[in-house]
There are 2 protein chains.
Amino acid sequence: MSVAQEFEQANQSYVSQFTKGDLALPPARKVAVVICMDARIDPAASLGLTEGDAHVIRNAGGRATDALRSVIISQRLLGTREIVVVHHTDCGMLTFTDNDLRGIVKKETGHNVDHFSFLPFSDLEQSVRDDVEFFKNNPLVLDVPVSGYVYDVKTGSIKKIE
Amino acid sequence: MSVAQEFEQANQSYVSQFTKGDLALPPARKVAVVICMDARIDPAASLGLTEGDAHVIRNAGGRATDALRSVIISQRLLGTREIVVVHHTDCGMLTFTDNDLRGIVKKETGHNVDHFSFLPFSDLEQSVRDDVEFFKNNPLVLDVPVSGYVYDVKTGSIKKIE
């Protein structure tokens, strides 16, 4: 059975208990969370979110540049007025350089991806500061509160960085 | 109190019950889910995911092109071997065109963003097919099972499209 088929089965029990069919499209808590795609992080459980609360934007690393399109839509069309960036300990983005991954992709596919940045980082806390600053300084992003955290995959806790 | 401060408070109760401190970095179920950032969707609850299971990539619309960097990292470095795309009913991406949003951003910021695509769509099921095809045909993406669903925000159910 594919994982997709397992999702279909699991979804049936979610549907049987579903009571959130009348939520509004704009996030009730007017916040966009930018957080890593890492499998170990459950943003809803760890940050106290429920359906309808927040836009949750996830990508490899929780990088701001990669989230810009989504944040513009979130703010300009759907009214969010706060951004929270969350990176985490033991992140895969700490384990490689752009040149490492470009080499792997070229070796495995034959395609040259030297123009491509995979947005890795070598300093976790600095990566949070960089991404908070990116949002604070980007002229396409509203002047709203932006804060940054590190999530600890060993303890489930978040620590404020900026 | 900012929403970020509310997250800090909510996180304390998550930490007090946290038992998942020894999970591996690679996703246990070897799947990457590409799903919209919409506030009404809880991917973990609605698809039966728990911490450690899956990469969850979220952006406005759950668009494939925007997820490519993350999917490459997910597959080449962290071993996922299946992709599940999930778009949803009542999506904000159905409510505007690129020119609409370019006009709003230019009016509100003074910056010309005519080079920018916000990746809206006018046909929900076709958008799922398009994004499944994008992954199936992209030479940088592994030849793995890719399926596509529509999530119904009124019922919590997923429907297979492709």
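Quick notes on the rules
Residues numbered from 1 in each chain as written. Chains lettered and ligands numbered in written order. Predicted model: local features only at pLDDT ≥ 70, side-chain atom pairs only at ≥ 80, totals over all residues. Heavy atoms only, no water. Helix = DSSP H or I, 4+ residues; strand = E, 2+ residues; numbered from the N terminus. Buried < 20%, exposed > 50% of the residue type's maximum accessible area, 1.4 Å probe, protein only. Contact = heavy atoms within 4.5 Å. Buried area = accessible area lost by both parts, 1.4 Å probe. Salt bridge = Lys/Arg side-chain N within 4 Å of Asp/Glu carboxyl O. Polar contact = N/O pair within 3.5 Å; in protein donor to acceptor, adjacent residues only side chain to side chain. UniProt positions renumbered as here; feature names shortened; annotations may be inferred. Pairing = 2+ DSSP bridges. Least-squares fit on C-alpha atoms with pLDDT ≥ 70 in both.

The number of helices and strands found in chain A is five helices and five strands. For chain A, the N- to C-terminal ordering of α and β elements is α-β-α-β-α-β-α-α-β-β. Per-residue burial over chain A gives 57% buried out of 162 residues. Taking all contacts inside chain A whose residues are at least 6 apart in sequence as the whole, residues at least 24 apart take part in 65%.

Our next topic: the interface of chain A and chain B. Listed per partner, the contact involves 82 residues of chain A and 82 residues of chain B. Surface buried jointly by chain A and chain B totals about 6,800 Å² across both partners, of which 64% is contributed by carbon and sulfur atoms. Summed over the three residues of chain A that lose the most area to chain B, namely Phe-7, Met-37 and Arg-69 of chain A, the buried surface amounts to 12% of that side. Along the contact surface separating chain A from chain B lie six salt bridges. A salt bridge links Arg-29 of chain B to Glu-6 of chain A; its shortest N-O distance comes to 2.7 Å. The tally of links from chain A across to chain B stands at 33 residue pairs in polar contact (both at pLDDT 80 or more).

Evaluated as defined, the whole model comprises 22 salt bridges over all chains. One salt bridge connects Arg-29 of chain A with Asp-53 of chain A, and the closest N-O pair in it is separated by 3.2 Å. Of the two residues, Arg-29 of chain A is situated in the loop between helix 1 (3–16) and strand 1 (31–36) and Asp-53 of chain A in the loop between helix 2 (43–47) and strand 2 (54–59); the sequence distance between them amounts to 24 residues. Accessibility expressed as a relative area gives 22% for Arg-29 of chain A, which makes it partly exposed. Here the salt bridges do not stand alone but share partners, grouping Glu-6 of chain A together with Arg-29 and Asp-53 of chain B into one network.

Right, let's get into the side chain of Arg-102 of chain B. Residue and element names in this part refer to chain B. Tracing the sequence through the fold places Arg-102 in helix 4 (residues 98–109). One polar contact links Arg-102 to Asn-99, side chain to side chain, over a distance of 3.1 Å. Within polar-contact distance, the side chain of Arg-102 engages the backbone oxygen of Asp-114 at 3.5 Å.

All right, on to the UniProt feature "binding site: Zn(2+)" (unreviewed entry) in chain A then. All names here are of chain A. When the UniProt feature table is mapped onto this chain numbering, "binding site: Zn(2+)" (unreviewed entry) sits at Cys-36, Asp-38, His-88 and Cys-91. Spanning 56 residues, the named residues form one tight spatial group whose C-alpha atoms are at most 8.6 Å apart. Within the secondary structure, Cys-36 is located in strand 1. Residues in contact with Cys-36, not counting those within four places in the same chain, are Ile-41, Arg-58, Asn-59, Ala-60, Gly-61, Gly-62, Val-86, His-88 and Cys-91. Structurally, His-88 can be placed in strand 3 (residues 83–88). When neighbours within four sequence positions are excluded, His-88 is seen to be in contact with Cys-36, Asp-38, Arg-40, Ile-41, Leu-124, Val-150, Tyr-151 and Val-153.

Turning to the pairing of strand 3 of chain A, a few remarks are in order. Residues and elements named next belong to chain A. In terms of residue burial, strand 3 counts as a mostly covered element, since six of its six residues are buried. Going residue by residue along strand 3, you find Ile-83, Val-85 and His-87 tucked away on one face and Val-84, Val-86 and His-88 tucked away on the opposite face as well. Where strand 1 and strand 3 come together, four bridges link them in parallel fashion. Pairing of Val-34 across the sheet is with Val-85, part of strand 3. Strand direction decides the pairing type here: strand 3 and strand 4 (residues 146–151), joined by six bridges, are parallel. For Val-85, the partnering residue across the bridge sits in strand 4 and is Gly-148.

Once chain A is rotated about the relating axis by 180 degrees and shifted along it by 0.0 Å, it coincides with chain B to within an RMSD of 0.0 Å. Those values place the two copies in the arrangement expected of a two-fold rotation axis. For chain A, the smallest separation between a C-alpha atom and the rotation axis is recorded for Arg-58 of chain A, amounting to 2.3 Å. When you check the interface residues of chain A against chain B, 100% turn up at the interface there too, and the contact is symmetric in its surfaces.

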